[in-house]
Amino acid sequence: MATFWQRLLGYATDLLLALVVWSPMEFAWRRFVLHEDRIDLVWDFHEKGNIIAMLLYWGHANYLGNGQTPGKWLARARAVSLTSERMGVWQSIERALGYGAAILEGGLGFAQFFWDRNRMCAQDRLAETIVVDLRKKSNEEEFHETSSAESACESRGL
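Position numbers for residues count from 1 along each chain, tracking the sequence in the order it is written. Per-residue local features are limited, in this predicted model, to residues with pLDDT of at least 70; the limit for side-chain atom pairs, both in listing and counting, is 80 or more; totals at the level of whole chains, interfaces and linings are taken over all residues. In computing side-chain values, all of the structure's heavy atoms are included and hydrogens and water are not.

### Notes on unusual backbone geometry
And step 1. One non-glycine residue, Asn 66, adopts positive backbone phi at about 50 degrees.
And step 2. In this description a helix means any DSSP run of H or I spanning at least four residues, a strand means any run of E spanning at least two, and both kinds are numbered starting from the N terminus. Mapped onto the elements, Asn 66 comes out in the loop between α2 (48–64) and α3 (70–75).
And step 3. Positive phi values are uncommon outside glycine, yet Arg 119 reaches one of about 60 degrees.
And step 4. Accessible area is worked out with a 1.4 Å probe on protein chains only. A residue is then buried under 20% of its type maximum, exposed over 50%, and partly exposed in between. With a relative accessible area of 33%, Arg 119 lands in the partly exposed category.

What follows is the structure, encoded as structure tokens:
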């Protein structure tokens with residue numbers, strides 16, 4: 001399972017990238033479509049444009065990356081579906097909505113990581129996913145490597 005710091009790095013990176021994608025689009029919308037002269041860009045989870053940008057960013061990133069957004073790629077982690085081999089469109093959107101649920105709970109949705117035995121947060125529960133650490137080998141691979149090394153040592157009399 002991915003560590004808390006991996007997940008935090010992935011989320012913070014994705015949030016920054018969502019802002020980078022959202023801000024020029026929001027500016028262009030207000031300037032060229034709404035013809036506003038004074039434009040105040042505000043990132044707030046109560047703004048419709050911000051919610052749409054987050055849903056689009058995280059939904060697309062999860063779907064196209066099969067659970068590995070650019071932030072998770074940087075953190076060497078990946079969200080894995082518990083119900084299918086690949087993250088589907090709806091499951092990716094549910095995961096994006098789960099970030100909103102985690103925030104609406106006053107951050108408690110993220111803090112669930114610390115007491116859940118599977119390290120699941122609100123977005124994981126909603127989308128039926130877990131986040132795995134891609135840096136670590138699975139226990140089975142480690143067991144086979146250890147067994148192979150031990151048997152090699154025994155055959156050499158070490």
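### Some details on the nonpolar core
And step 1. If you look at the biggest cluster of nonpolar residues, it comprises 7 residues: Tyr 11, Ala 18, Met 54, Tyr 57, Trp 58, Ala 96 and Tyr 99.
And step 2. It is α2 that contributes the most residues to this core, 3 residues altogether.
And step 3. Here a residue-residue contact requires only that any non-hydrogen atoms of the pair lie within 4.5 Å. Non-local contacts of Tyr 57, meaning those with residues more than four positions away in its chain, are made with Asp 14, Leu 17, Ala 18 and Pro 70. Take the buried Ala, Val, Leu, Ile, Met, Phe, Trp, Tyr and Cys residues and link them wherever side-chain atoms come within 4.5 Å; each set so joined is a nonpolar core.

### A look at the pattern of salt bridges
And step 1. Whenever Lys or Arg places a side-chain nitrogen within 4 Å of a carboxyl oxygen from Asp or Glu, that contact is recorded as a salt bridge. Following the criterion strictly, the structure yields 8 salt bridges and no others.
And step 2. A salt bridge links Asp 124 to Arg 7; its shortest N-O distance comes to 2.5 Å. Taken as a pair, Asp 124 in helix α6 (residues 122–127) and Arg 7 in helix α1 (residues 4–33) lie far apart in primary sequence, 117 residues in all.
And step 3. Judged by its relative accessible area of 0%, Asp 124 falls in the buried class.
And step 4. Between Asp 124 and Arg 95 there is a salt bridge, with its nearest N and O atoms 2.5 Å apart. Of this pair, Asp 124 sits in helix α6 while Arg 95 sits in helix α4 (residues 89–104), and the two are 29 residues apart along the sequence.
And step 5. By sharing partners, the salt bridges in this structure join Arg 7, Arg 95 and Asp 124 into a single network.

### Overview of the layout of surface pockets
Gaps left between atoms show up when a probe the size of a water molecule is rolled over them.
And step 1. Buried and open spaces are told apart on a 1 Å grid over the protein atoms alone, a cavity being a set of points where a 1.4 Å probe fits but cannot get out and a pocket being an open set with protein on both sides within 12 Å along at least five of seven lines. Residues with an atom within 4 Å of a point are the lining residues. Grid points are joined across faces, edges and corners, and a volume is the space filled by probe spheres set on the points. In this structure, the largest pocket occupies an estimated 250 Å³ of space.
And step 2. Lining the largest pocket are Asp 44, Phe 45, His 46, Ile 51, Met 54, Leu 55, Ala 96, Leu 97, Gly 100, Ala 101, Ile 103 and Leu 104.
And step 3. Secondary-structure elements contributing two or more residues to the lining of the largest pocket are α2 and α4.
And step 4. Per-element tally for the lining of the largest pocket: the top contributor is α4, with 6 residues.
And step 5. As a working rule, the residues Ala, Val, Leu, Ile, Met, Phe, Trp, Tyr, Cys and Pro are called nonpolar, Asp, Glu, Lys and Arg charged, and the rest polar, with Gly in that last group. Classifying every residue of the lining of the largest pocket gives 9 nonpolar, 2 polar and 1 charged.

### Describing α2
And step 1. Counted at 1.5 Å a residue, the expected span for α2 with its 17 residues is 24 Å, and the 24 Å between its end C-alpha atoms agrees.
And step 2. Turning to α2, its buried residues are Asn 50, Ala 53, Met 54, Tyr 57, Trp 58, Gly 59, Ala 61 and Asn 62.
And step 3. Check the buried side of α2 and you find it contacts α1, α3 and α4.
And step 4. Residue Asn 66 follows α2 closely and has a positive phi angle near 50 degrees. The span expected for a helix works out to 1.5 Å for each residue beyond the first.

### Overview of empty space enclosed by the protein
And step 1. Throughout the structure, instances matching the rule amount to 1 cavity of 30 Å³ or more.
And step 2. Quantified by volume, the largest cavity comes out at close to 40 Å³.
And step 3. The wall of the largest cavity is formed by Trp 22, Glu 26, Arg 30, Asp 40, Leu 41, Val 42, Glu 47, Gly 49 and Asn 50.
And step 4. Within the residue set of the lining of the largest cavity, elements represented by two or more residues are α1 and α2.
And step 5. Sorting elements by how many residues they give to the lining of the largest cavity places α1 first, with 3 residues.

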